[in-house]
Amino acid sequence: MSRIVVIGGGAAGMMAAASAGMAGHKVALYEKNEKLGKKVYITGKGRCNVTNACDMDELFNGIVTNRKFLFSSFYGFTNEDMMDFLERHGCRLKTERGNRVFPVSDKSSDVIAAMTRALKEAGAEVHLRTEVEGLLIEDGRCTGVRIRGKEGGQSRTVSADHVIVATGGLSYPATGSTGDGYSWARECGHKVTDLLPALVPFNIKEEDGKALQGLSLKNIQITIRNGQKVLYQDFGEMLFTHFGVSGPVILSASSFVGKELRKHTLLLSIDLKPALTLEQLDERILRDFAAEQNKQFKNSLSRLLPSKLIPVAVQRSGINPDKPVNQITREERLRLAGLLKDFTLTMTGLRDFKEAIITQGGVSVKEINPSTMESKKVKGLSFAGEVLDLDAVTGGFNLQIAWSTGWAAGAGV
């Protein structure tokens, strides 16, 4: 029986401790917060999208960074395994649109309760309000950790045969994500790739965007460009905020264009009517104008656009707002249609880690064994979850990374 220390009581840490305990090891999990799963608790707006019930090909397609590295861990502990694991430990699940899996209760606390039961069943000791100050490294091997209780007191060392670092990233710092794992990895000689907020909203330059605050758009298509080069395209929902844009398609886009946005501004083009060609949209506008022929232009768009968007579209179209619609020329009408097919905003940057769902970047996976998550540089040391350079789109994929790499780390000690 080996003595295993797991640092961090988030998704990956809880799973690593449960997995190692089930394998017959003596496990101690250290968490600096007053409870386990603090970040899990707030995911999915408190509902916790635990995984995605898609097939394996789709699961891999949801991964943004270092997809191939996850081959062993994803097949070693699949999304179906995770669903079985939670159900077996008393958390009933349901599958919603987009194969997103949630607790039947819609309460993330039920997921944490199931994981807590699993830890107890596995015989893992859980030490809350206990901060790990550093790793003990001797002759290229990790031999334990240095800890201190949050209530104060002396630092002390805890020896271990194996240490698993599952400290999370930099997102949601209020949950205790301070990036300690990155510092320890660097001290051990590991490369840590550039760290960026991901699954995060964007800031925009245009002042008229502020007038749209609170407006939610459904069934739109976005295209993000650097000059003429298309960097990203997606279909779905988005939201205007006081600083810029957010919502599902925007958050997913941030994971693909964030690095580029660090270097220069990018153009966001919104197709407000993706189901219609330019010609079909012009015919639609013509029909609407015929039905509203005695109205002024500014009062004629209620069938076509949400009310909040109308003043901005009118102003951007360059058409006199007071002009009767029966006097609007074909050229003006086509200009309006073109605007609705290509409503453009300038993205100036990402919001910060406080608003990011995950961190992009982390401990380089080139220096990690993909089957066991053990460091190739230091014996007896493994990494799991968000601390690694792995990330995915929204929909339960990032939590599956945590569960699978946590399981692999615990089973691989």
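Focus on empty space enclosed by the protein
Empty pockets left among the atoms are what a rolling probe the size of a water molecule brings to light.
1) Next: Considering all chains together, one arrives at one cavity of 30 Å³ or more under this definition.
2) Next: What lines the largest cavity is simply Ile204, Glu206, Gly209, Lys210, Thr241, His242, Phe243 and Gly244.
3) Next: A breakdown of the residues in the lining of the largest cavity according to their chemical character gives two nonpolar, four polar and two charged.

Some details on the pattern of salt bridges
1) Next: Across all of its chains, the model carries 22 salt bridges by this definition.
2) Next: One salt bridge in this structure joins Glu125 and Lys26, with 3.3 Å as the shortest N-O distance. Of the two residues, Glu125 is situated in strand E7 (residues 125–127) and Lys26 in strand E2 (residues 26–30); the sequence distance between them amounts to 99 residues.
3) Next: Of the charged contacts, one joins Lys295 and Glu292 as a salt bridge, the two residues approaching to 3.0 Å between their closest N and O atoms.
4) Next: Given a relative accessible area of 38%, Lys295 falls into the partly exposed group.
5) Next: Several salt bridges share partner residues, and in doing so they unite Arg47, Lys94, Glu96 and Asp106 into one network.

Section: the nonpolar core
1) Next: With 81 residues, the main nonpolar core has Leu135 and Val163 as its most contacted residues.
2) Next: Broken down by element, this core gets its largest block of residues, eight residues, from helix H1 (residues 11–22).
3) Next: Sequence-distant contacts of Leu135, defined by excluding residues within four places in its chain, comprise Ile7, Cys142, Gly144, Val145, Val163, Val165, Trp184, Cys188 and Leu381.
4) Next: Membership of the second largest hydrophobic core comes to 47 residues, among which are Ile222, Phe240, Ala253 and Leu301.

Thoughts on unusual backbone geometry
The bulk of non-glycine residues show a negative phi, and the bulk of peptide bonds are trans.
1) Next: One non-glycine residue, Asp106, lies in positive phi territory at about 65°.
2) Next: Structurally, Asp106 is set in the loop between strand E6 (100–103) and helix H6 (108–121).
3) Next: Residue Asp106 is classed as partly exposed on the basis of its relative accessible area, which comes to 30%.

A few points about the pairing of strand E11 (residues 162–165)
1) Next: Residues His162 and Ile164 point to one face of E11 and Val163 and Val165 to the other, with burial holding for every one of them.
2) Next: Strand direction decides the pairing type here: E11 and strand E20 (residues 381–383), joined by three bridges, are parallel. Within E20, the residue paired with Ile164 across the bridge is Ser382.

A closer look at the packing of aromatic side chains
1) Next: On inspection of all chains with the given rule, the structure shows nine aromatic pairs.
2) Next: Measuring from ring centre to ring centre gives 5.3 Å for Phe60 and Phe74, while their planes differ by 50°; the resulting arrangement is tilted. With a gap of 14 residues between them, Phe60 in helix H3 (residues 56–61) and Phe74 in helix H4 (residues 71–76) connect regions that are remote in the sequence.
3) Next: For Phe60, a relative accessible area of 11% gives the class buried.
4) Next: On the accessibility criterion, Phe74 (0% relative accessible area) is buried.
5) Next: Seen in terms of ring centroids, Phe289 and Phe297 are 6.3 Å apart; in terms of plane orientation they differ by 90°. Their pairing is edge-to-face.
6) Next: Of the residues examined, Phe289 reaches a relative accessible area of 7% and is grouped as buried.

What about the sheet that holds strand E10 (residues 156–159)?
1) Next: An order of E8-E9-E10 is seen for the three strands of this open sheet, with the pairing classed as antiparallel. Each edge of the open sheet carries a strand with a single partner, namely strand E8 (130–138) and E10. Neighbour-to-neighbour, the strand axes of the sheet open up by a mean angle of 30°, direction not taken into account.

As for the pairing of strand E9 (residues 141–149)
1) Next: Relative to E9, E8 runs antiparallel, the two being bridged by eight bridges. Looking at E9, one finds that Gly134 is bridged to Arg146.
2) Next: Counted along the chain from E8 to the antiparallel partner E9, the turn is two residues long, and its residue Asp139 has a positive phi close to 50°.
3) Next: With four bridges connecting them, E9 and E10 associate as antiparallel partners. The residue of E10 that forms the bridge with Ile147 is Arg156.

Conventions adopted
- Residues numbered from 1 in each chain as written.
- Predicted model: local features only at pLDDT ≥ 70, side-chain atom pairs only at ≥ 80, totals over all residues.
- Heavy atoms only, no water.
- 1 Å grid on protein atoms, 1.4 Å probe; cavity = no way out; pocket = protein on both sides within 12 Å on 5 of 7 lines; lining within 4 Å.
- Points joined across faces, edges and corners; volume = space filled by probe spheres on them.
- Nonpolar A, V, L, I, M, F, W, Y, C, P; charged D, E, K, R; others polar.
- Salt bridge = Lys/Arg side-chain N within 4 Å of Asp/Glu carboxyl O.
- Helix = DSSP H or I, 4+ residues; strand = E, 2+ residues; numbered from the N terminus.
- Buried < 20%, exposed > 50% of the residue type's maximum accessible area, 1.4 Å probe, protein only.
- Core = buried A, V, L, I, M, F, W, Y, C linked by side-chain atoms within 4.5 Å.
- Contact = heavy atoms within 4.5 Å.
- Pairing = 2+ DSSP bridges.
- Phe/Tyr/Trp six-rings, centres within 6.5 Å; stacked < 30°, edge-to-face > 60°.
- Axes fitted to C-alpha atoms, helices over the stretch in contact; angles between N-to-C directions.

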